[in-house]
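What follows is each chain in one-letter form.
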Amino acid sequence: MSSQKSKKSTKQKSDKASEAKDKLETNKIYKGNCIETMRSLPKKSVDMIFADPPYNLQLQGDLHRPDNSKVDAVNDEWDQFESFKAYDKFTKEWLTEARELLTDDGGIWVIGSYHNIFRIGAIMQDMGFWILNDVIWRKSNPMPNFRGRRFTNAHETMIWASKSQKSKYCFNYDAMKAMNDDKQMRSDWEIPICSGHERLKGADGNKVHPTQKPESLLYRVILSSTRKGDVVLDPFFGTGTTGCVAKQLGRQYVGLEQEDDYIKAATERLDATQVIEDPDVLDVKSKRDQKRIPFGWLLEHGYLKPGTVLTDHKNKFSAKVGVDGTILSSSGKEDLRGSIHKVGAALQDAPSCNGWTYWHYKENGRRYPIDALRQKLRTQVEAADQQ
Ligand SMILES: C[S@@+](CC[C@H](N)C(=O)[O-])C[C@H]1O[C@@H](n2cnc3c(N)ncnc32)[C@H](O)[C@@H]1O
């Protein structure tokens, strides 16, 4: 396909996606069975789905603490299925409809425990979802194992997948790294279970919902994999945790839930949720979205002069800057000429090299990576672009 044709088809794709989004009513809770509701919504209108489906816990009898008090377990009707076969059928049905709603580049998160997550994972793979990570939510304050017959069950698993292997899914890598003190965010997240003032309680003092998720978990999920303004759908909305965090973070939400009591609790919670209004605060910076600055531009804009000698930070290798933005080095085994990246890699006998951080220039007796010049030029160019 010619590049013009492929550009046209990408544009047609994104026009269709935005038309579908315009047809979807967002920031609303749809009451009813999520499978039927999803069938009625416009296809390819949702950027991300977070699903916290029934666990199919199959609890037999009540569970008591050592002091004989009854454990508030998940024994609601919505969590009951006759058999694994019935659970699998339900899972396939809701995932089929969910997949139809996702844009081609959309992503999905499904959270579960050992009771259901392996079945869900296999079904997702069979359907063509492309698993990107399984993120472990390690509970810092899990419920003890009262019977003492097994290990304390201290985590849940979240499958993060794109709609297909080809999807250009959203991942805010730099935002996640920034959140984690400039270290790559790992796939094991230690977060406490929902408790204290965040846990919704009824007039009788009992929990409104047995499996209300912590907002901190959704904060990381939504921030990592959506952009400002994106549509986030939760087919098992419960108390609306996904909607509240989406609203705070300037995303649109769509909640599906069948139980009136949960819808009431979620509506009140959403009404009380404040949106972060300041666009500067809400913006997530990604290096990938930054304007590309080729090395040659440093010469054109006078940030480096042809003939400048660059060195690595240990001053072991050196190279001269050519007028065309290549660099020339005779300090290795052979004479080299090429891009900052290629020459850097060849000198170190490495498969690749980030020339921006490898090569340094000297100013006032000190050495600085040429990346500092790139950053200065980028600021200048971006300011000019905005005028
Ligand atoms: C595990 S809970 C989700 C809790 C939610 N993440 C929260 O933080 O409050 C599952 C929810 O899905 C709802 N549900 C179960 N089956 C459903 C269905 N077929 N359609 C719509 N909602 C359903 C249940 O009423 C329950 O609130």
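The rules behind the values
- Residues numbered from 1 in each chain as written.
- Predicted model: local features only at pLDDT ≥ 70, side-chain atom pairs only at ≥ 80, totals over all residues.
- Heavy atoms only, no water.
- Helix = DSSP H or I, 4+ residues; strand = E, 2+ residues; numbered from the N terminus.
- Buried < 20%, exposed > 50% of the residue type's maximum accessible area, 1.4 Å probe, protein only.
- Contact = heavy atoms within 4.5 Å.
- Near = heavy atom within 4 Å.
- Polar contact = N/O pair within 3.5 Å; in protein donor to acceptor, adjacent residues only side chain to side chain.
- Areas by Shrake-Rupley, 256 points an atom, 1.4 Å probe, with all protein chains shown as cover.
- Expected span 1.5 Å × (residues − 1).
- Arc of directions from axis to C-beta.
- Disulfide = S-S within 2.5 Å.
- Salt bridge = Lys/Arg side-chain N within 4 Å of Asp/Glu carboxyl O.
- Phe/Tyr/Trp six-rings, centres within 6.5 Å; stacked < 30°, edge-to-face > 60°.
- Lys NZ or Arg CZ within 6 Å of the ring centre and 35° of its normal.
- Core = buried A, V, L, I, M, F, W, Y, C linked by side-chain atoms within 4.5 Å.
- Domains from an automatic or database assignment.
- Axes fitted to C-alpha atoms, helices over the stretch in contact; angles between N-to-C directions.
- Parallel < 35°, antiparallel > 145°, perpendicular 65-115°, else oblique.
- Left-handed = near helix turned anticlockwise from the far one by under 90°.
- Nonpolar A, V, L, I, M, F, W, Y, C, P; charged D, E, K, R; others polar.

(A) Focus on the side chain of T242. Mapped onto the elements of the fold, T242 is located in helix α7 (residues 241-248). For T242, a relative accessible area of 2% translates into the label buried. Residues in contact with T242, not counting those within four places in the same chain, are F50, L218, I222, V232 and D234.

(B) Region of interest: the site of the ligand. Near the ligand there are 23 residues, and of these D52, H209, T239, T241 and E257 occur at the shortest range. Within the contact set of the ligand, a nitrogen atom lies 3.4 Å away from a side-chain nitrogen or oxygen of N33. In this structure, a nitrogen atom belonging to the ligand sits 2.8 Å away from a main-chain N or O atom of C34. For the ligand, the protein covers 98% of the area, taking 600 Å² as the surface of the free molecule.

(C) Quick peek at helix α8 (residues 260-271). For α8, with 12 residues, the first-to-last C-alpha span of 16 Å sits near the 16 Å given by 1.5 Å per residue. The complete set of buried residues in α8 reads Y262, I263, A265, A266, R269 and L270. The buried residues of α8 all sit within an arc of 165 degrees when viewed along its axis, so they share a single face. Facing away from the buried side of α8, by more than 90 degrees, are the exposed residues D261, K264 and D271. Considering only its buried residues, α8 is in contact with β1 (28-31), α6 (215-225), α7 and β8 (252-257).

(D) Structural detail: the state of the cysteines. Under the counting rule described, the total for this entry stands at 0 disulfides. C34 takes part in no disulfide bond, and the closest cysteine sulfur to it belongs to C244, at a distance of 19 Å. By relative accessible area, C34 is classed as buried at 6%.

(E) Summary view of the pattern of salt bridges. In the structure shown here, the tally under the stated rule is 20 salt bridges. Here K28 makes a salt bridge to E25, at a shortest N to O gap of 3.7 Å. Here K213 ties to D52 by a salt bridge, and the two come within 2.9 Å at their closest N and O atoms. Here D52 lies in the loop between β2 (46-51) and α3 (84-101) and K213 lies in the loop between β6 (188-191) and α6, a separation of 161 residues in the sequence. Taken as a pair, K213 and D52 share a single burial class, namely buried. One connected set of salt bridges, linked through shared partners, spans K44, D104 and K163.

(F) Structural view of the packing of aromatic side chains. In total, this model carries 14 aromatic pairs according to the counting rule given. Ring geometry for F81 versus Y87: centroids 5.0 Å apart, planes at 90 degrees, classification edge-to-face. For Y87, a relative accessible area of 1% translates into the label buried. Ring geometry for W160 versus F171: centroids 5.4 Å apart, planes at 50 degrees, classification tilted. With W160 in strand β5 (residues 155-162) and F171 in the loop between β5 and α5 (173-179), the pair connects residues that are 11 residues apart, well separated along the chain. W160 gets classed as buried once you look at its relative accessible area, which sits at 5%. Classification of F171 by relative accessible area gives partly exposed; the value is 34%. Residue placement shows K28 over the ring face of Y30; its charged tip is 4.5 Å from the ring centre. R220 extends its terminal NZ or CZ atom over the ring of W189, reaching a point 4.9 Å from the ring centre.

(G) Expanded view of the nonpolar core. The biggest cluster of nonpolar side chains holds 31 residues, and the ones touching the most others in it are W94, I108, M124 and L233. Elements with a minimum of two residues in this core: α2 (34-40), β2, α3, β3 (102-112), α4 (117-127), β5, β7 (231-234) and β8. Top contributing element to this core by residue count: α3, with 6 residues. Not counting chain neighbours up to four residues away, the residues in contact with I108 comprise I49, W94, L95, L102, M124, F129, I159, W160 and A161.

(H) Expanded view of the domain arrangement of the protein. Each assigned domain of the protein is listed with its residue range as follows: domain 1 (17-288) and domain 2 (290-386). A straight line from the C-alpha centre of domain 1 to that of domain 2 covers 45 Å.

(I) Looking closely at the packing of α3 against α4. Direction vectors running N to C along α3 and α4 enclose 45 degrees, while the axes themselves pass 10 Å from each other. Classed by the angle they form, the pair α3 and α4 counts as oblique. When you trace α3 past α4, the crossing you get is right-handed. Two secondary-structure elements touch here, α3 through F84, Y87, D88, T91, K92, L95, T96 and R99 and α4 through R119, I120, I123, M124 and M127. Residues belonging to the contact of α3 with α4 are distributed by class as follows: 7 nonpolar, 2 polar and 4 charged.

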